[in-house]
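Descriptive analysis of the structure
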Amino acid sequence: MEVNVSEILKNEGFKKEFYFFEDIGNNTIEFFGEKIYITKPVEIEGYAINYEGKIRLNMNIETEINRSCSRCLGSYNEKLNIDAEYVFVINPDNQSKDEILIKGETIALDEYVMDEITSQMAMKPLCKSDCKGLCPKCGKNKNYEKCECILDEIDPRLQVLSSIFKKK
Ligand SMILES: [Zn+2]
Ligand SMILES: [Zn+2]
């Protein structure tokens, strides 16, 4: 996925639109040891414009990833819809913070798209916000099944509290 910016560089105000619908990164992303599958080609729609000699690039990224729920371990698909903006410069003297220096006349989008997708990922993904998780005793998925287990262990959140009280 490359955007050729040679014409944009030559003309202030020149705008170029782009569109891609492609697989990216062998359809997998490594995220803190988790292997995440990108289940759909990534759809990218955007434009690049020469604004005061810099290249402003706006894009919308749409795709879908497959993750494992951190509570019930079930796999689920999550749709992503991301708006991103970057500013590229060709002259280092002209570069401000958060602007990216480019060499040559093409901008390869893959790396930026991957970064955007990764930045949307939750550290503790949930298949749904109220996922009931697995029973710690019998292992049943409590979203689908009920069990009669009596849990006598103290809730870990309460355990923290009780140790605070002990210190006093
Ligand atoms: Zn879940
Ligand atoms: Zn149970």
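Remember, it's a predicted structure, so these values are computed and weren't measured experimentally.

Attention now goes to the nonpolar core. Counting 18 residues, the largest nonpolar core has Val5, Val42, Ile44, Ala48, Ile61 and Val113 as its most contacted members. Ranked by residues supplied to this core, first place goes to strand S6 (residues 54–68) with 5 residues. Those residues in contact with Val5 that sit more than four places away from it in its chain are Ala48, Ile55, Glu105, Thr106 and Ile107.

What follows deals with the domain arrangement of the protein chain. The extent of an interface is frequently quoted as the accessible surface area lost upon association of the parts. Under the domain assignment, the protein chain is made up of domain 1 (2–130) and domain 2 (132–168). A C-alpha centroid distance of 40 Å is found between domain 1 and domain 2. Contacts between the two partners involve 4 residues from domain 1, matched on the other side by 4 residues from domain 2. Class assignment of the residues belonging to the side of domain 1 that touches domain 2 gives a composition of 2 nonpolar, 1 polar and 1 charged.

The topology assignment puts Asp110 in helix H2 (residues 110–119). Distance from Asp110 to Asp23, taken between C-alpha atoms, is 10.0 Å for residues 87 residues apart in sequence. Apart from the residues lying within four places of it in its own chain, the contact partners of Asp110 are Met1 and Ile24.

Turning next to the pairing of strand S4 (residues 34–38). With 4 bridges joining them, strand S3 (residues 28–31) and S4 adopt antiparallel strand pairing. Paired with Ile29 across the strands is Ile36, a residue of S4. Taken together, the 2 bridges between S4 and S6 define a ladder with antiparallel strand orientation. Residue Tyr37 lies in a different strand from S6, and its bridge partner there is Asn66.

Calculation notes
Residues numbered from 1 in each chain as written. Chains lettered and ligands numbered in written order. Predicted model: local features only at pLDDT ≥ 70, side-chain atom pairs only at ≥ 80, totals over all residues. Core = buried A, V, L, I, M, F, W, Y, C linked by C-beta atoms within 7 Å. Buried ≥ 20, exposed ≤ 12 C-beta atoms within 10 Å, placed from the backbone. Helix = DSSP H or I, 4+ residues; strand = E, 2+ residues; numbered from the N terminus. Contact = placed C-beta atoms within 7 Å. Domains from an automatic or database assignment. Nonpolar A, V, L, I, M, F, W, Y, C, P; charged D, E, K, R; others polar. Pairing = 2+ DSSP bridges.

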